[in-house]
Structure formats: C-alpha cells, structure tokens
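The primary structure of each chain is shown beneath.
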Amino acid sequence: MENTSPIAMGSDHAGFALKEFIKNHLIAANFKIEDCGAFSENLVDYPDFGIEVAEKVASGMFERGILICGTGLGMSMVANRFKNVRAALCNDLFLAMMSRRHNDANILVMGGRVIGTELAREIVTVWLKTPFEEGRHRKRIEKFDAIASRNII
Ligand code: RB5
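Here the residue numbering is sequential within each chain, running from 1 through the sequence in written order. Thresholds applied to this predicted model are a pLDDT of at least 70 for local features of residues and 80 or more for the giving and counting of side-chain atom pairs; totals over whole chains, interfaces and linings are not thresholded and use all residues. As a rule here, side-chain values come from all non-hydrogen atoms in the structure, and water together with hydrogens is ignored.

Q: Describe the site of the ligand, naming the residues involved and giving the relevant values.
A: Nearness is judged by heavy atoms alone; a residue qualifies as near a molecule or strand once a single heavy atom is within 4 Å of it. Around the ligand, the surrounding shell consists of Asp12, His13, Ala14, Tyr46, Cys69, Gly70, Thr71, Gly74 and Arg113. Contacts to the ligand include Thr71, whose backbone N or O atom sits 2.9 Å from an oxygen atom. For the accessible areas, the method is Shrake-Rupley and the probe is 1.4 Å, while residue cover comes only from the protein chains on display. Protein coverage of the free-state accessible area of the ligand, which is 290 Å², stands at 71%. Polar contacts, as counted here, are pairs of nitrogen or oxygen atoms within 3.5 Å of one another; within protein the pair requires one atom able to donate a hydrogen and one able to accept it, and residues that are adjacent in sequence qualify only if both atoms are side-chain atoms.

Next up, the structure:
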C-alpha cells in the first residue's frame, strides 16, 4: 500500500467500530489519517460526517477518503452529491478493485453492518493499491463530471 497522502475518514454510529478498526490498521501501516468522526457509538446522522469527508476530497485537500455507515448506502448518496467526488460502495473485493481501475474512485464506502473486519481490511488494501487504468475510462469520468458542474447552483 502507498502511504504518502493522508486519508480522511468518517462514519456514523453504525460504522464507528469498523472505522476504528480500519483507522488503527492504517495508522499501523504508516498512513496519516484525518478522523472526522463519529467518535462514539452514540446515535448521530450520517450526512454530517459524509459531508465533512466529501468536502475535504472535493476541495482537493485530501486525495482519498473512507466513509462507513451501516450499509454504506447513505454515505454513498451524500458523498456523490459533491463535484469531483467519486464515492464507491464496495462491500466486496471485486468492486474495490474495479472502482479504482475503471472509476478512479476517490472515496471508498463500506457498510459496517454488512461486512466483517477482515474482509474490510482486505477491501481497503486492494482499494488503496489498485491504480486507475486511464484511457477510455478517463473520457467517461469527464462526461459525468460535466453534468455535475452544470447542476451546481
Ligand atoms: C443508521 O441506522 C443507518 O441508517 C445508517 O448507518 C446507514 O446505513 C444509512 O444508509
């Protein structure tokens, strides 16, 4: 895994335990992590944390983010409202690999109530090390980035 650029992480209460597990794993592997919360399993609203991480990636402040809620669905919906964000819900290894190869995903989303810690750790490893294939996939990303910018108020 490359560990040069810091990663913004966020979760809600349902993703908290998995966020902590992945955060500690990445810190042990020498990654720099910006933990945007949640900081406990007390009930919170996932958009508050999804917005914070997505803003950091959309602005270019962070190249990569990881978001975790119960299913991963809510966090995906929130993060993909932001221009330049390509958030991919990957609760399996194939999606983690393809989200990087074909979609240049810059936010990995997982469901803390869907997958276990060991699978999540493998997903993160694959997602961080798999490069974007560029070529025809770049053109496709540019097509939907253009739509996003038309819709910004
Ligand atoms: C919280 O109960 C749950 O709705 C949230 O973590 C997430 O799964 C939403 O999509």
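The structure having been displayed, the exposition proceeds.
Q: Can you lay out the side chain of Asn106 for me, pointing to particular residues and giving the numbers?
A: Here Asn106 lies in the loop between α4 (93–101) and β5 (107–111). To sort residues, take the accessible area from a 1.4 Å probe on protein chains only and compare it with the maximum for the residue type: under 20% means buried, over 50% means exposed, and anything in between is partly exposed. Look at Asn106 and you get buried, because its relative accessible area is 8%. Other than its neighbours up to four places away in sequence, Asn106 contacts Val57, Glu63, Arg64, Gly65, Asn84, Val85, Arg86, Ala87 and Trp127. Under the scheme used here, helices are H or I runs from DSSP no shorter than 4 residues and strands are E runs no shorter than 2 residues, and both carry numbers assigned from the N terminus. Contacts are residue-level and defined by heavy atoms, with any inter-residue pair within 4.5 Å sufficient.

Q: Account for the packing of α4 against helix α5 (residues 117–129), naming residues and giving values.
A: In a packed pair of helices, the relevant descriptors are the angle between the two axes and the axis-to-axis distance. In this analysis, axes come from line fits to C-alpha atoms, helices being fitted only over the stretch in contact, and the angle between any two N-to-C directions falls in the range 0 to 180 degrees. Axis separation between α4 and α5 bottoms out at 8 Å; the angle between their running directions is 20°. The orientation of α4 relative to α5 falls into the category roughly parallel. By crossing handedness, the relation of α4 to α5 is classed as right-handed. Every residue of α5 that contacts α4 at Leu93, Ala96, Met97, Ser99 and Arg100 is listed here: Leu119, Glu122, Ile123, Val126 and Trp127. In terms of residue class, the contact of α4 with α5 is built from seven nonpolar, one polar and two charged. Note on angle classes: values under 35 degrees are labelled roughly parallel, values over 145 roughly antiparallel, values of 65 to 115 roughly perpendicular, and the remainder oblique. Handedness of a helix crossing follows the sense of rotation of the near helix relative to the far helix, less than a right angle counterclockwise being left-handed and clockwise being right-handed. Polar here means any residue other than Ala, Val, Leu, Ile, Met, Phe, Trp, Tyr, Cys and Pro, which are nonpolar, and Asp, Glu, Lys and Arg, which are charged; Gly is therefore polar.

Q: Help me get a handle on the sheet that holds strand β2 (residues 33–35), residues and values and all.
A: The criterion for strand pairing is that DSSP finds at least two bridges linking the strands in question. Taken together, the five strands give an open sheet; going across it, the order is β2-β1-β3-β5-β4, and neighbouring strands pair in parallel fashion. Either end of the sheet is taken by a strand with one partner, and the two such strands are β2 and β4 (87–89). Here the average twist between neighbouring strands, direction ignored, is 20°. Relative to β5, β4 runs parallel, the two sharing three bridges. What sits directly across from Leu89, in β5, is Val109. Across the face of the sheet, α5 comes into contact with β1 (7–11), β3 (64–69) and β5 while running at roughly 165° to β5.

Q: Requested: an account of the layout of surface pockets, with residues and values cited.
A: To locate leftover empty space, one rolls a probe as large as a water molecule over the atoms. The way it works is a 1 Å grid over only the protein atoms, where trapped points that fit a 1.4 Å probe form a cavity and open points with protein on both sides within 12 Å along at least five of seven lines form a pocket, and then any residue with an atom within 4 Å of a point lines it. Grid points are joined across faces, edges and corners, and a volume is the space filled by probe spheres set on the points. Empty space within the second largest pocket amounts to approximately 150 Å³. Lining of the second largest pocket is provided by Val57, Gly60, Phe62, Glu63, Arg64, Asn84, Arg86, Arg100, Asp104, Ala105 and Asn106. Classifying every residue of the lining of the second largest pocket gives three nonpolar, three polar and five charged.

Q: Can you break down the pattern of salt bridges residue by residue, with the values?
A: Any carboxyl oxygen of Asp or Glu within 4 Å of a side-chain nitrogen of Lys or Arg constitutes a salt bridge here. Tallied over the entire structure, the rule returns ten salt bridges. Lys23 is paired through a salt bridge with Glu20; the nearest N and O atoms lie 3.3 Å apart. Here the residue Lys23 and the residue Glu20 both occupy positions in helix α1 (residues 16–28), the gap between them amounting to three residues, near one helical turn. The closest approach of N and O atoms between Glu118 and Arg121, which form a salt bridge, is 2.7 Å. Of this pair, Glu118 and Arg121 both sit in helix α5, three residues apart, which is roughly one turn of the helix. We classify Arg121 as partly exposed; its relative accessible area is 25%. Salt bridges sharing partners connect three or more residues here, namely Lys19, Glu20, Lys23 and Asp35.

Q: Describe the packing of α1 against α5, naming the residues involved and giving the relevant values.
A: Close contact between α1 and α5 brings their axes to 10 Å; oriented N to C, the two are set at 50°. As summarised for this structure, α1 and α5 are arranged oblique, according to the angle between their axes. Along this stretch, α1 crosses α5, giving a crossing that reads as right-handed. Here α1 contributes Leu18, Phe21, Ile22, His25 and Leu26 to the contact with α5, which in turn contributes Thr117, Glu118, Ala120, Arg121, Val124, Thr125 and Leu128. A class-by-class count of the residues in the contact of α1 with α5 yields seven nonpolar, three polar and two charged.

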